[in-house]
Amino acid sequence: MPSLSFKFTLLVLISTALGFLSHLGLGLNQHQALSIAIFSVSILGTLFFWSFRLSFAFLGTAVLMMTKTIDLEHLVRFASLEVILFLVGMMIIIGLLKDEGFFAWIVSLILRMRNLSAKRFVLSVTIISALLACVVDEVTSIIFMVAAILEICDYFEVDPLPYIIISVLATNIGSAATVLGNPIGILIASKAGLTFEDFLFKAFPVAMVCLVAVIFLVMFWYKKSFEKLDLHIKELGSNDILIKLISVPVEKRLKISLLIFGVTILIISLHHRLELLWKLELNTVLLVMPLVSSGCIMIWKRHKAREYVEHDVEWWTLLFFLLLFAQAGTLKYTGATDVLAQKIIGVTGSNPHLLSGAILWMSSIGSSILDNVVLVAAFIPIIQGFQALHVNLEPLWWALLFGGCFGGNITVVGSTANIVALGILEKEKKIHVSFLKWFWIGLSAGLITTCLAWAMLTFLPFYR
Amino acid sequence: MKIREIMIKEITSLSPEMSALDAWDVLQKMKISGLPVIDDKNKLVGMFTEKEILVKILPSYMEAVGKFVYDENPKAVRQKVSLLAKMRVREVMRENVITVNEDTVLCEAAHVMLTQKARRTPVLNQNQEVSGIVSRGDVLKALFAEYKE
């Protein structure tokens, strides 16, 4: 494992080289080159120093301000506070759901599955993982999916790894289906002016097609494991004894929590209609609804309000996002991304198919190594830069979304869901999943889904 | 008043290589919730407590799921209890230990225990060796004794 000082030296060298290269090679001015160098510090900071990446974002932002690369007013404007507030609101709602036993209830529903067979179990795992990732974020949904899988596999004494990998693959695919599935969804919606309906009509079908393809893939890939599970189900009988042990009563508070969550999702899904009705700016209701719901929650649970805000909101991650968005905005503010956009057009031409394909594959491969939020934050100002070159941006936004989500399946560190799920597996079962053990199934799923998304973006007139 | 005046000097400690089950027996016999773990160089390497045992036994995803879904203990928990019998103290103990010095003032030690949620804390001498242990009860006893005087 490389030492801390080696990684730090590498970070400084790469970002300095990128700064100089963009200044001397691409002809960017000093401010533009500096903004690229600082942004690459944040990217490399997440890659090399995940546990304290925020410190690099703090220092980088300070340098941008001190060198007058950006002023305070623009820094605040580019920080995308609307996205941060949306995520804060959603995290408080998730905190309430957890508190009132919603996730335990979901786990119990999965465990209560009747007439269990391996095929039925895999189908349920993939479909529930994908759908849950659509409505709560991917990291939250994967935790209780892993919990349910471990319980079932423990009961039938089979290796849980194939089912956990299947659940993670489905979760990453499902997270592209709606605005709520992944932080990059709301980020793209906010920057591109896309609505929940747009996601429902354009992202959801692609995610579902990819999900079906992945179901076929895993059915073939893990055939032997499924045969073993079927054998154990035959030997031990169905899960009747397990079902008898389960006890998650649906209490009044859980019903109220479900009502709040349901209303939030309903209004979010109708946000565009309501905005048209009330003559509000695009995405106002979408961004405000989590705040309304979390505000109501904090009145209802006033004694726990502070706990929800302090413990259930991941301030560390959100602060990093805030500064990352501001730094990405600096690339736009200095004009660096406009130059980059022109250079890309110089290579690909303004052919939208070629451009969306390039963005899809770059974001897919990129997000297999990098945090997809970092990658998408970097791509957003570049895509915005294409606007001045009269390129139709919509297919590019979808390409960025699909690449950012599906690419996360390729490697073991490709998305937070992968890291969280395998972390639990290692802790609970002492099963360590090596890079290669994940890679082949991950790569196959990543390639198939990215190819499908590419084909749909290219051939369906819907996306042009 | 300094901690050296109230600390328990004759401390029972555990070895990192001791079986976790034997260590749990020691805790039960002493009717105590935790003990320091000291290596053969007399250096403090961790704290073995009931809390750490529970952390090992309960599923790590419990906090995220929010509630336990069973009426009875599931197979996984029973398996983990049996696994604990094969584990060493070093695999269960908490490595990040809150400590105080012999010269730490009583109220400062109380403040540390309160803010760090430590029931008892090992006391280190100038050579960073464990010279005693002090609990919340010891601190309270000393404070009340001072008041009565």
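Residues numbered from 1 in each chain as written. Chains lettered and ligands numbered in written order. Predicted model: local features only at pLDDT ≥ 70, side-chain atom pairs only at ≥ 80, totals over all residues.

(A) The arrangement of the overall build of chain B in detail. Looking only at helices and strands, one finds eight helices and five strands in chain B. The buried share of chain B, taken over its 149 residues, is 24%. In chain B, once contacts between residues fewer than 6 apart in sequence are set aside, the share between residues at least 24 apart is 62%. (Helix = DSSP H or I, 4+ residues; strand = E, 2+ residues; numbered from the N terminus. Buried ≥ 20, exposed ≤ 12 C-beta atoms within 10 Å, placed from the backbone. Contact = placed C-beta atoms within 7 Å.)

(B) Inspection of the overall build of chain A at higher detail. Check the secondary structure of chain A and you find 24 helices and zero strands. Scaling as 2.2 N^0.38, a compact globule of 464 residues should have a C-alpha radius of gyration of about 23 Å, and chain A matches this with 23 Å. Across the 464 residues in chain A, those meeting the buried criterion constitute 52%. Across chain A, every contact between residues at least 6 apart in sequence was considered, and the portion connecting residues at least 24 apart equals 80%. (Rg over C-alpha atoms; globule rule 2.2 N^0.38 Å.)

(C) Representation of the nonpolar core within the structure. The biggest cluster of nonpolar side chains holds 159 residues, and the ones touching the most others in it are A:Val146 and A:Ile173. The biggest single contributor to this core is helix H8 (residues 138–156) of chain A, with 14 residues. For A:Val146, the residues in contact, after removing those within four places along its chain, are A:Ile164, A:Ser167, A:Ala421, A:Ile424 and B:Tyr61. In terms of nonpolar packing, the next biggest core, distinct from the first, is built from eleven residues, B:Met47, B:Val89, B:Val92 and B:Met93 among them. (Core = buried A, V, L, I, M, F, W, Y, C linked by C-beta atoms within 7 Å.)

(D) Molecular detail of the packing of helix H6 (residues 102–111) of chain A against H8(A). Residue and element names in this part refer to chain A. Running from amino to carboxyl end, H6 crosses H8 at an angle of 35 degrees, the nearest separation of the two axes being 9 Å. The chirality of how H6 crosses H8 is right-handed. Side by side, H6 and H8 meet where Phe103, Ile106, Val107, Ile110 and Leu111 of the first sit next to Phe144, Ala147, Ala148, Glu151 and Ile152 of the second. In terms of residue class, the contact of H6 with H8 is made up of nine nonpolar, no polar and one charged. (Axes fitted to C-alpha atoms, helices over the stretch in contact; angles between N-to-C directions. Left-handed = near helix turned anticlockwise from the far one by under 90°. Nonpolar A, V, L, I, M, F, W, Y, C, P; charged D, E, K, R; others polar.)

(E) A look at the pairing of strand E4 (residues 120–124) of chain B. All names here are of chain B. Judged by how many residues are buried, E4 sits mostly within the fold: four of five residues are covered. Both strand E3 (residues 100–101) and E4 contribute to a ladder of two bridges, which runs parallel. Considered in E4, the bridge of valine 100 is made with valine 123. Bridge count between E4 and strand E5 (residues 130–135): five bridges; the pairing is antiparallel. The residue bridging proline 122 from the neighbouring strand is isoleucine 133, located in E5. In textbook terms, the turn of a hairpin is the stretch between consecutive antiparallel strands, and for E4 and E5 this stretch comprises five residues, one of which, glutamine 128, has a positive phi near 65 degrees. (Pairing = 2+ DSSP bridges.)

(F) Expanded view of the interface of chain B and chain A. Contacts between chain B and chain A engage 14 residues on the former and 23 residues on the latter. Elements with a minimum of two residues in the side of chain B that touches chain A: helix H4 (62–65) and helix H5 (75–84) of chain B.

(G) Main features of the sheet that holds E3(B). Strand order in the open sheet formed by three strands is E3-E4-E5 (chain B), and the pairing between neighbours is mixed. Two strands in the sheet have a free side with no partner beyond their single neighbour: E3 and E5 of chain B.

(H) Molecular detail of helix H14 (residues 252–269) of chain A. Residues and elements named next belong to chain A. Between its first and last C-alpha atoms H14 spans 26 Å; for 18 residues at 1.5 Å apiece the expected length is 26 Å, and the two agree. Inspection of H14 places Ser257, Ile260, Phe261, Thr264, Ile268 and Ser269 among the buried residues, and these make up the whole buried set. Down the axis, H14 shows its buried residues gathered within 165 degrees of arc, on one side only. Away from its buried face by more than 90 degrees, H14 exposes Lys252, Lys255, Leu259, Gly262 and Leu266. Looking at the packing, one finds that the buried side of H14 touches helix H5 (81–99), H6, helix H11 (196–221), helix H15 (271–277) and helix H16 (284–300). (Expected span 1.5 Å × (residues − 1). Arc of directions from axis to C-beta.)

(I) Geometry of helix H2 (residues 30–48) of chain A. The end-to-end C-alpha separation of H2(A) is 26 Å, in line with the 27 Å expected for 19 residues at 1.5 Å each. Counting buried positions over the 19 residues of H2(A) gives 14, a clear majority of the element.

(J) Layout of the environment of B:Ala142. All names here are of chain B. When you line up the elements, alanine 142 lands in helix H8 (residues 136–148). Residue class for alanine 142 comes out partly exposed when judged on the 19 C-beta atoms lying within 10 Å of it. C-alpha separation for the pair alanine 142 and methionine 93, spaced 49 residues apart in sequence, amounts to 29 Å.

(K) Up close: the packing of helix H19 (residues 336–348) of chain A against helix H21 (residues 372–387) of chain A. All names here are of chain A. Interaxial distance between H19 and H21 falls to 8 Å at its minimum, and their mutual angle equals 70 degrees. With respect to their mutual orientation, H19 and H21 come out roughly perpendicular. As for the relative orientation of H19 and H21, their crossing is right-handed in sense. In this structure, H19 contributes Thr337, Asp338, Leu340 and Ala341 to the contact, and H21 contributes Pro381, Ile382, Gly385 and Phe386. Tallied by class, residues from the contact of H19 with H21 come to five nonpolar, two polar and one charged. (Parallel < 35°, antiparallel > 145°, perpendicular 65-115°, else oblique.)

(L) Representation of the confidence of the model for chain B in the model. The pLDDT averaged across chain B works out to 89; a share of 99% of its residues lies at or above 70. Reported confidences for the modelled complex are a pTM of 0.87 and an ipTM of 0.76. (pLDDT = per-residue confidence, 0-100.)

(M) View of the environment of A:Ile92. All names here are of chain A. Along the polypeptide, isoleucine 92 turns up in helix H5. Residue classification places isoleucine 92 among the buried residues on the basis of 23 C-beta atoms within 10 Å. The spatial distance from the C-alpha of isoleucine 92 to the C-alpha of valine 313 is 6.4 Å, given a sequence separation of 221 residues. Those residues in contact with isoleucine 92, other than ones at most four positions away along the chain, are Ser294, Ile297, Tyr308, Val309, Asp312 and Val313.

(N) Quick look at unusual backbone geometry. All names here are of chain A. Non-glycine residue serine 80 carries a positive phi angle of around 55 degrees. For serine 80, the position within the fold is in the loop between helix H4 (72–78) and H5. The backbone phi angle of asparagine 115 is positive, close to 45 degrees, even though this residue is not glycine. Structurally, the position occupied by asparagine 115 is in the loop between H6 and helix H7 (118–135). Classification of asparagine 115 as exposed rests on a count of 8 C-beta atoms within 10 Å.

(O) Representation of the pairing of strand E1 (residues 34–38) of chain B within the structure. Residue and element names in this part refer to chain B. When you tally the buried positions in E1, you get four out of five residues, the bulk of the element. Bridging between E1 and strand E2 (residues 44–49) involves five bridges; their strand directions are antiparallel. Bridge pairing in E2 places isoleucine 38 opposite leucine 44. Hairpin connection from E1 to E2: five residues lie between these consecutive antiparallel strands, with asparagine 42 at a positive phi of about 65 degrees.

(P) Spotlight on the environment of A:Asp230. All names here are of chain A. Positionally, aspartate 230 belongs in helix H12 (residues 223–236). Aspartate 230 sits in the partly exposed class, given 17 other C-beta atoms within 10 Å. C-alpha of aspartate 230 to C-alpha of lysine 119: the two residues are 111 residues apart in sequence and 8.5 Å apart in space. Excluding residues that lie within four positions of it along the chain, aspartate 230 makes contacts with Ser117 and Ala118.

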